[in-house]
Amino acid sequence: MARSQWGSRLGFILAAAGSAIGLGAIWKFPYVAATNGGGAFLFVYLGICLTLGLVLMLSEMALGRAANAGAVGSFRKLAGGFWPVIGYMGVLVCFLILSFYSVVGGWTIAYIGKSLDGSILTSDAKALGDIFGGFISHPSLPLAYHAGFALLTLAVVVGGVQQGIEKLSKFLMPALFALMLLLIVRGLTLPGAMDGLAYFVAPDFSKLSGAMLMDALGLAFFSLSLGLGIMITYGSYVGRESNLVGSALWVILLTVATCFLAGLMVLPAVFAFGFDPSAGPGLTFITMPAVFAHLPMGQLFAVMFFCLLLLAALTSSVSLLEVITSFAIDEMGLSRRAAACGMAAATFLLGIPASLSLGVWGDYQLFGMNFFDLLDFVTSKLLMPLGELLLALFVGWKVWPVVRDELSAVCSPRAMTAMRGFCMALAPALIGWILISGF
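Criteria and thresholds
Residues numbered from 1 in each chain as written. Predicted model: local features only at pLDDT ≥ 70, side-chain atom pairs only at ≥ 80, totals over all residues. Heavy atoms only, no water. UniProt positions renumbered as here; feature names shortened; annotations may be inferred. Helix = DSSP H or I, 4+ residues; strand = E, 2+ residues; numbered from the N terminus. Rg over C-alpha atoms; globule rule 2.2 N^0.38 Å. Buried < 20%, exposed > 50% of the residue type's maximum accessible area, 1.4 Å probe, protein only. Areas by Shrake-Rupley, 256 points an atom, 1.4 Å probe, with all protein chains shown as cover. Lys, Arg positive; Asp, Glu negative; His and termini not counted. Charge placed at Lys NZ, Arg CZ, Asp CG, Glu CD. Bend = angle between axes of the 7 residues up to and from the residue. Polar contact = N/O pair within 3.5 Å; in protein donor to acceptor, adjacent residues only side chain to side chain. Contact = heavy atoms within 4.5 Å. Salt bridge = Lys/Arg side-chain N within 4 Å of Asp/Glu carboxyl O. Phe/Tyr/Trp six-rings, centres within 6.5 Å; stacked < 30°, edge-to-face > 60°. Lys NZ or Arg CZ within 6 Å of the ring centre and 35° of its normal. Axes fitted to C-alpha atoms, helices over the stretch in contact; angles between N-to-C directions. Parallel < 35°, antiparallel > 145°, perpendicular 65-115°, else oblique. Nonpolar A, V, L, I, M, F, W, Y, C, P; charged D, E, K, R; others polar.

Under an unreviewed UniProt entry, the name given to the protein chain is Transporter, and the organism recorded is Chromobacterium amazonense. If you open the UniProt record of the protein chain and go to Sequence similarities (unreviewed entry), you find "Belongs to the sodium:neurotransmitter symporter (SNF) (TC 2.A.22) family." One UniProt comment on the protein chain, placed under Subcellular location (unreviewed entry), says "Membrane".

This is the structure:
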């Protein structure tokens, strides 16, 4: 059976960017940046994205297109032996991330409802914190929204590459950027907002630490969808005529720009309303309603924002489900519908303890973390960096001629030499050093 392909290069770029520009950029980036000193973290994060991120994204896309297969199939087809383990790791990480990501996606659905009834349109920090805390700790409501988000994700993936993922991404990106810009302008005009702006853009390098470097590395890979097999899978749908270098650059620039805009959207408002910048995963859900409360037609903007946040979450969740669905299709011979339904159900079940760990199961911890935080830690700070370390070695030492052939038409010989050296030594050394210094 012929493998699906993107309908256009723009569709591929927007779908790949949509995978990256999801909750990782809009939900996770502001609170991770806030807990790591703002400007210093931003500087390190940008440096990782534009160096390690670019080389590794190019490598993943090139491997997928060369093998014309998914995460596991690409490593098996190009080398075999031990190397498919990297693909299996990527599939596992997608599975684990989707389980708790779907929980957060469910929060966005709930907040659409709370925007419609106006219950969150207040600038009272304590009231907003109580609303969010009461919701996520409820024993059943978050699970219902988690199920709803899982079903939406499933519906898009069953639709396939062009009819599902590509169509959704083409609609989402322009609308999301326009609304974020509007909210940034309003947030920056609030009294006290300039303190938040300075906190975000002025680097304080005394904040540099091994733990902060690990957070930046993990968030860079998370927000760029690296170490998941997503870019390999999406690369396998790319035609030979597409410029992978240009596509990778666009994806990274769009992702970095969205993270920067998300920081500008959230952190000035945090300082303007006196919120705690280290409030954690709920920061966006607690801060943005306060901005809407000070906007003309704030309720309308609140509904629009959380609808777009839901769609941003969907573009990432469908890419996660697409990887494990593609795995089930390629490795188990299942139909797209059967593979997607089975994998969606399994990730939903794993998401149940992740959700409950924020409430009634909050006292049960492993390694000092609840189950939700443990899944986040294992995926973004361990498995994803380790997978990319192995992938760099694979590209630099094992299948370089394949990658070179995929990129040589658009890269100079000097650039190709530099890229190989980066994969052979520099990237593994940097990732290894950050992992070691972070513990």
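Attention shifts here to the overall build of the protein chain. Within the protein chain, the secondary structure is distributed over 18 helices and zero strands. In terms of overall dimensions, the protein chain is globule-like: its C-alpha atoms have a radius of gyration of 21 Å, near the 22 Å expected for 439 residues. For the protein chain, the residues scored as buried account for 59% of the 439 residues in total. Split by element, the accessible area of the protein chain, about 15,700 Å² in all, is 68% carbon and sulfur. The centroid of the 20 positive side-chain charges in the protein chain is displaced by 11 Å from the centroid of its 19 negative side-chain charges.

In helix 16 (residues 371-398), a bend of some 30° at T379 exceeds every other bend along the element. Taking the backbone nitrogen of F372 as reference, a side-chain oxygen 3.1 Å away marks N370 as the first, capping residue of helix 16.

This part covers the environment of A220. Inspection of the secondary structure puts A220 in helix 10 (residues 210-223). The spatial distance from the C-alpha of A220 to the C-alpha of G53 is 7.2 Å, given a sequence separation of 167 residues. Look past the residues within four positions of A220 in its chain and what remains in contact with it is Y45, I48 and C49.

Our next topic: the pattern of salt bridges. All told, the structure shown has seven salt bridges when counted by the stated rule. Note that D130 is salt-bridged to K126, the shortest N-O span being 2.9 Å. Of this pair, D130 and K126 both sit in helix 6 (residues 125-136), separated by four residues, roughly a single helical turn. A relative accessible area of 61% places K126 in the exposed class. Notably, a salt bridge pairs R404 with D405, separated by 3.8 Å at the nearest N-O pair.

Turning next to the packing of aromatic side chains. Describing an aromatic ring pair means giving the distance of the ring centres and the angle of the ring planes. In total, this model carries 26 aromatic pairs according to the counting rule given. Between the aromatic rings of F75 and F394, the centroid separation amounts to 4.9 Å while the plane-to-plane angle is 55°, which identifies the pairing as tilted. In this pair, F75 sits in helix 4 (residues 71-78) while F394 sits in helix 16, placing the two residues 319 residues apart along the sequence. By relative accessible area, F394 is classed as buried at 0%. Look at W83 and F394: their rings are 5.0 Å apart centre to centre, the planes differ by 50°, and that puts the pair in the tilted class. Residue W83 is located in the loop between helix 4 and helix 5 (84-116), and its partner F394 is located in helix 16; the two are separated by 311 residues in the primary sequence. Accessibility classification places W83 together with F394 in one group, the buried group. Among the aromatic residues, those joined into a cluster by ring pairs are F100, W107, Y111, F132, F285, F292, F305, F306 and F372. Just above the ring of F222 sits the side chain of K28; from NZ or CZ to the centre is 4.1 Å.

The N-to-C vectors of helix 3 (residues 39-67) and helix 4 enclose an angle of 70°; their axes lie 9 Å apart at closest approach. By the angle between their axes, helix 3 is roughly perpendicular relative to helix 4. When helix 3 is examined against helix 4, the residues L63, G64 and A67 are found in contact with a partner set consisting of S74, F75, K77 and L78. A per-class count over the contact of helix 3 with helix 4 returns four nonpolar, two polar and one charged.

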